[in-house]
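# Inside the fold
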Amino acid sequence: AQSVTQLDSHVSVSEGTPVLLRCNYSSSYSPSLFWYVQHPNKGLQLLLKYTSAATLVKGINGFEAEFKKSETSFHLTKPSAHMSDAAEYFCVVRRGSGNTGKLIFGQGTTLQVKP
Amino acid sequence: NAGVTQTPKFRILKIGQSMTLQCTQDMNHNYMYWYRQDPGMGLKLIYYSVGAGITDKGEVPNGYNVSRSTTEDFPLRLELAAPSQTSVYFCASRDSQETQYFGPGTRLLVL
């Protein structure tokens, strides 16, 4: 069975400092992994995805994530936080090996960016 | 493209009432999904559809029904609303590259 665990429910950083949001996954298959962002009172937007190509995945707004099979991790990073990065971030794994696209969401990490 | 649109944005229901949450996408995607998001939680899949006329249950389907008569529309029906259905509901569609596009959500309060 597939699952994701976001290791921090809340992360606070200062503007201009690096961001690290941690995610571990469990999957019986070679997983497809995603990071989505949700700004307050908005729908979710895809940041980046890993689908068994390059292990270092670059996304929008300067975010990237590295797939590490040995550590079953898919942590999200950004070198320098911006105030507009403050949002809820979800690590997501695709359920099963089929193509129905069903997703399993982590519980989310709230990123706070302080001036 | 408008993407995925949802109506209404907010609704208050009394216990036992019913309502339909509307979802429309203009991207010609075959796959569509309904999720609910409870406070402090990730999204849970209610129902999904792989094309017009085909729907299937997700993780939390009880108390809900769906239909998919066209590619564009995927309404979610709540029968006999209960306080446990107070949540934010998101509709999404998926493209061929596995990217899901989400609507802005419907906030539902059942009192």
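Remember, it's a predicted structure, so these values are computed and weren't measured experimentally. (Residues numbered from 1 in each chain as written. Chains lettered and ligands numbered in written order. Predicted model: local features only at pLDDT ≥ 70, side-chain atom pairs only at ≥ 80, totals over all residues. Heavy atoms only, no water.)

## Focus on the overall build of chain B
When you go through chain B residue by residue, the secondary structure sums to 0 helices and 11 strands. Taken from N to C terminus, the helices and strands of chain B fall in the order β-β-β-β-β-β-β-β-β-β-β. Compactness check: chain B gives a C-alpha radius of gyration of 13 Å against a globular reference of 13 Å for 111 residues, within 12% of the reference. Based on the C-alpha atoms only, the size of chain B along its principal axes is roughly 40 × 25 × 25 Å. Residues counted as buried form 47% of the 111 residues belonging to chain B. Working note: accessible area of chain B is about 5,200 Å², and carbon and sulfur atoms make up 51% of it. With 10 positive and 9 negative side-chain charges, chain B shows a separation of 10 Å between the mean positions of the two kinds. (Helix = DSSP H or I, 4+ residues; strand = E, 2+ residues; numbered from the N terminus. Rg over C-alpha atoms; globule rule 2.2 N^0.38 Å. Buried < 20%, exposed > 50% of the residue type's maximum accessible area, 1.4 Å probe, protein only. Areas by Shrake-Rupley, 256 points an atom, 1.4 Å probe, with all protein chains shown as cover. Lys, Arg positive; Asp, Glu negative; His and termini not counted. Charge placed at Lys NZ, Arg CZ, Asp CG, Glu CD.)

## Details of the overall build of chain A
For chain A, the count of helices and strands is 0 helices and 12 strands. Rg of the C-alpha trace for chain A: 14 Å, near the compact-globule value of 13 Å for 115 residues, within the 12% margin. Relative to its full complement of 115 residues, chain A shows a buried share of 45%. Of the contacts made within chain A by residues no fewer than 6 positions apart, 56% connect residues no fewer than 24 positions apart. By element, 49% of the accessible surface of chain A is carried by carbon and sulfur atoms, the whole surface being about 5,400 Å². (Contact = heavy atoms within 4.5 Å.)

## Looking at the confidence of the model for chain A
Residues with a pLDDT of 70 or more make up 95% of chain A, whose mean pLDDT is 91. Mean pLDDT per element in chain A: strand β11 (residues 103-105) of chain A is the minimum at 89, and strand β3 (residues 19-21) of chain A is the maximum at 98. (pLDDT = per-residue confidence, 0-100.)

## What to know about the pairing of strand β1 (residues 4-7) of chain B
Residues and elements named next belong to chain B. Burial of β1 is one-sided: the residues Val4 and Gln6 facing one way are buried, the residues Thr5 and Thr7 facing the other way are not. Of the pairings in the sheet, the one linking β1 to strand β3 (residues 19-25) comprises 4 bridges and is antiparallel in character. Its bridge partner being in β3, Val4 is matched across the sheet by Gln25. (Pairing = 2+ DSSP bridges.)

## Notes on the environment of His75 of chain A
Residues and elements named next belong to chain A. Following the sequence through the fold, His75 ends up in strand β9 (residues 73-78). Considered as a pair, His75 and Asn61 are 14 residues apart in the sequence and their alpha carbons are 16 Å apart. If near-sequence neighbours (up to four positions away) are discounted, His75 is found in contact with Leu20, Leu21, Arg22, Cys23, Asn24, Trp35, Glu64, Ala65 and Glu66. Polar contacts involving the side chain of His75 include one to the main-chain amide nitrogen of Cys23, which spans 2.9 Å. (Polar contact = N/O pair within 3.5 Å; in protein donor to acceptor, adjacent residues only side chain to side chain.)

## Observations regarding the interface of chain B and chain A
With 22 residues of chain B at the contact, the number on the chain A side is 22 residues. Taken over both partners, the interface formed by chain B and chain A buries close to 1,800 Å², and the fraction arising from carbon and sulfur atoms is 48%. Here chain B and chain A share 1 salt bridge between them. For the pair chain B and chain A, the number of links is 5 residue pairs in polar contact (both at pLDDT 80 or more). For the side of chain B that touches chain A, the elements supplying multiple residues, two or more each, are β4 (31-37), β5 (43-51), β9 (87-94) and β10 (100-102) of chain B. Tallied by class, residues from the side of chain B that touches chain A come to 11 nonpolar, 7 polar and 4 charged. (Buried area = accessible area lost by both parts, 1.4 Å probe. Salt bridge = Lys/Arg side-chain N within 4 Å of Asp/Glu carboxyl O. Nonpolar A, V, L, I, M, F, W, Y, C, P; charged D, E, K, R; others polar.)

## Here's the deal with the packing of aromatic side chains
For the structure shown, the criterion picks out 14 aromatic pairs over all chains. For the ring pair Tyr25 of chain A and Phe67 of chain A, a centre distance of 5.6 Å and an interplane angle of 25° mean the geometry is stacked. Taken together, the residues span a long stretch of sequence, with Tyr25 of chain A in strand β4 (residues 23-26) and Phe67 of chain A in strand β8 (residues 64-68) at a distance of 42 residues. The exposure class of Tyr25 of chain A is buried, given its relative accessible area of 8%. When its relative accessible area of 9% is taken as the criterion, Phe67 of chain A is described as buried. Connected via pairs of aromatic rings, a cluster forms that spans Phe34, Tyr36, Phe90 and Phe105 of chain A together with Tyr33, Tyr35, Tyr48 and Phe102 of chain B. We note Arg68 of chain B situated over the ring of Phe74 of chain B; from NZ or CZ to the ring centre the distance is 5.9 Å. (Phe/Tyr/Trp six-rings, centres within 6.5 Å; stacked < 30°, edge-to-face > 60°. Lys NZ or Arg CZ within 6 Å of the ring centre and 35° of its normal.)

## Focus on unusual backbone geometry
The omega torsion across Thr7 of chain B and Pro8 of chain B is -5°, close enough to zero to call that bond cis. With respect to the helices, strands and loops of the structure, Pro8 of chain B is situated in the loop between β1 and β2 (10-13). Backbone geometry at Asn61 of chain A places phi at a positive 60°, although glycine is not the residue there. Note on placement: Asn61 of chain A falls in the loop between β7 (56-58) and β8.

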